[in-house]
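Residue-level listing of the chains:
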Amino acid sequence: MKIASVLLICLILLQNLNAQNFKIGASVCGSNYSGDLTSNNSAIIKQTSPGFGLFLNYSLDDYFGIKLQYERLKVSANDALSNQDWQIRRNLNFKSQINTFDLFAQINLRSILFSQINFCNVYLIGGYSIFSFNPITNYNGREIELKPLGTEGQGMIGFKPKYNLIAGAFNFGISIEYLLNPLWSIQSQLLYRKTNTDYLDDISNAYIDFNLLSQKNGQIAAELGNKINAPQGSQRGNPLDQDWFQSLNISLNYKIFDRNSKEPTRKNKRSVHCPKI
């Protein structure tokens, strides 16, 4: 409900702008995750999964724009793919479907620095995302949702409550758009998201004693939360390092119209000015 409300508000705001500046498009994506289960960049890249997206783009002028996009992504990670012995012994893994709504501003570097170039645009982007997730793992041949188990003692007296499956993230990245003709373009976008949750992978803090966890949260919680029967308080994850996820997409864009011209093409301008709506 929270995600739907945010999307509705964003769409209402966009509808109040001049619709002659819209671009719409669809994309295919590759996404991955970085956090407690990824020891290096190689592990991150190896665990990339496909996805797709849709977007609405509003250009304030040749220099500034606003973009609202939805992406359906998948992230996963497995200790078994690590090159660290301690991580292989820990033997944790997860996967999660992510539905993310990203709202960000765009600065067109081409218009500012390379105005003589008229076949592509280069954007710096940054804003905020709201997303849903739900980490799951395999247990004896069947998929198990990890949040309800409380694998780090969540829900037990004296421990944290169970985490929320809706979170936010600051996003930033870069995008390059190649103009096929006045109406159509192909765009590649790399977007990083620094989340405000450390439970994208269900791993954050310390091990809970196997017997205590089994007694309070159940046998499955103990078997998945403390596979190595580690002592109470031993490090399981890093609570100081919030999780990240990122996506690289390629989109096909359609430009509805440019209010500054009778033709849907950009006009080069010589000086930067404040955006006007």
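What you are looking at is a predicted structure, and each value in this text was computed from that prediction instead of being measured.

Asks: I tried to follow the overall build of the protein on my own but got confused; where do I start?
Replies: Along the backbone of the protein there are six helices and ten strands. Residues classed as buried in the protein amount to 46% of the 277 residues present. In the structure as shown, the protein presents an accessible area of about 13900 Å², 60% of it carried by carbon and sulfur atoms.

Asks: Honestly, the environment of Ala 222 in this entry has me stumped. Any pointers?
Replies: Relative to the elements of secondary structure, Ala 222 occurs in helix α6 (residues 219-225). Judged by relative accessible area, Ala 222 falls into the buried class, the value being 0%. Residues Ala 222 and Leu 149, spaced 73 residues apart in sequence, show a C-alpha to C-alpha distance of 8.7 Å. Discounting residues that sit within four places of it in the chain, Ala 222 has contacts with Phe 210, Leu 213, Ser 214 and Lys 227.

Asks: I keep staring at the pattern of salt bridges and nothing clicks. Help me out?
Replies: One pass over the full model with this rule turns up six salt bridges. Arg 193 serves as the salt-bridge partner of Glu 71, at 2.8 Å between the closest nitrogen and oxygen. A residue pair is termed long-range when its members are at least 10 positions apart, and Glu 71 in strand β3 (residues 64-78) and Arg 193 in strand β9 (residues 184-195) qualify at 122 residues. This pair shows no difference in class: Glu 71 is buried, exactly as Arg 193 is. Each of Glu 71, Asp 102 and Arg 193 takes part in salt bridges that share partners, so that together they form one network.

Asks: Looking at this model, I keep getting lost on the nonpolar core. Mind explaining?
Replies: Nonpolar side chains in soluble globular proteins generally cluster together in the buried interior. Counting residues in hydrophobic clusters, the biggest one holds 29 residues, and the most contacted among them are Ile 98 and Phe 131. Mapped onto this core, the elements with two or more residues apiece are β1 (22-34), β3, β4 (93-108), β8 (166-179), α5 (210-217) and α6.

Asks: What's the story with α5 in this structure? I'm lost.
Replies: Side chains of residues three or four places apart in an α-helix project in the same direction, reflecting 3.6 residues per turn. Where α5 is concerned, the buried positions are Phe 210, Leu 213 and Ser 214. Down the axis, α5 shows its buried residues gathered within 100° of arc, on one side only. Exposed positions of α5 whose direction lies more than 90 degrees from the buried face are Asn 211, Gln 215 and Lys 216. Where the residues of α5 are buried, they touch α6. The opening residue of α5, the one whose side-chain oxygen lies 3.2 Å from the backbone nitrogen of Asn 211, is Asp 209. Just downstream of α5, Gly 218 is the residue with a positive phi angle, here 110°.

Asks: Can you help me understand a nonpolar patch on the surface in this one?
Replies: Taken together, the side chains of Val 28, Phe 119, Tyr 178, Leu 180, Trp 184, Ile 186, Ile 250 and Leu 252 make up a nonpolar region of the molecular surface, amounting to roughly 770 Å² of accessible area. The set of elements that each furnish at least two residues to the nonpolar patch consists of β9 and β10 (244-255).

Asks: What exactly am I supposed to notice about unusual backbone geometry here?
Replies: With the exception of glycine, the majority of residues adopt a negative phi angle, and the majority of peptide bonds are in the trans configuration. The backbone of Asn 91 shows a phi angle near 60°, a positive value even though the residue is not glycine. Following the sequence through the fold, Asn 91 ends up in the loop between α3 (85-90) and β4. Of note, Asp 202 is a non-glycine position whose phi angle comes to about 70°, a positive value. One can find Asp 202 in the loop between β9 and α5.

Asks: Could you clarify how one ought to interpret the pairing of strand β6 (residues 136-139) in this entry?
Replies: The side chains of a regular strand alternate, first on one face of the sheet and then on the other. Pairing of β6 with strand β7 (residues 142-145), which is carried by four bridges, proceeds in the antiparallel orientation. Within β7, the residue paired with Asn 138 across the bridge is Glu 143. Linking β6 back to β7 in an antiparallel pair, the connection comprises two residues, with Asn 140 at a positive phi of about 50°.

Asks: Before we go on, may I ask you to explain the environment of Phe 64 in this structure?
Replies: Relative to the helices and strands, Phe 64 is located in strand β3. As a C-alpha pair, Phe 64 and Leu 124 span 60 residues in sequence and 9.9 Å in three-dimensional space.

Asks: What am I meant to see in the packing of aromatic side chains here?
Replies: Under the criterion given, the structure shown has 13 aromatic pairs. Where Tyr 33 meets Phe 94, the ring centres are 5.0 Å apart and the plane angle is 75°; that geometry is what we call edge-to-face. Of the two residues, Tyr 33 sits in strand β1 while Phe 94 sits in strand β4, which places them 61 residues apart along the sequence. Positioned over the ring face of Phe 55 is Lys 67, at 4.2 Å from the centre of the ring.

Asks: Can you help me understand the side chain of Thr 195 in this one?
Replies: With respect to the helices and strands, the residue Thr 195 is situated in strand β9. Look at Thr 195 and you get buried, because its relative accessible area is 4%. Here Thr 197 takes part through its backbone oxygen, which lies 2.9 Å from a polar atom of the side chain of Thr 195. For Thr 195, the side chain forms a polar contact with the main-chain oxygen of Asp 243, separated by 2.6 Å.

About the criteria used
- Residues numbered from 1 in each chain as written.
- Predicted model: local features only at pLDDT ≥ 70, side-chain atom pairs only at ≥ 80, totals over all residues.
- Heavy atoms only, no water.
- Helix = DSSP H or I, 4+ residues; strand = E, 2+ residues; numbered from the N terminus.
- Buried < 20%, exposed > 50% of the residue type's maximum accessible area, 1.4 Å probe, protein only.
- Areas by Shrake-Rupley, 256 points an atom, 1.4 Å probe, with all protein chains shown as cover.
- Contact = heavy atoms within 4.5 Å.
- Salt bridge = Lys/Arg side-chain N within 4 Å of Asp/Glu carboxyl O.
- Core = buried A, V, L, I, M, F, W, Y, C linked by side-chain atoms within 4.5 Å.
- Arc of directions from axis to C-beta.
- Polar contact = N/O pair within 3.5 Å; in protein donor to acceptor, adjacent residues only side chain to side chain.
- Patch = residues over 30% accessible without salt bridge, like charges linked within 9 Å, V, L, I, M, F, W, Y side chains within 5 Å.
- Pairing = 2+ DSSP bridges.
- Phe/Tyr/Trp six-rings, centres within 6.5 Å; stacked < 30°, edge-to-face > 60°.
- Lys NZ or Arg CZ within 6 Å of the ring centre and 35° of its normal.

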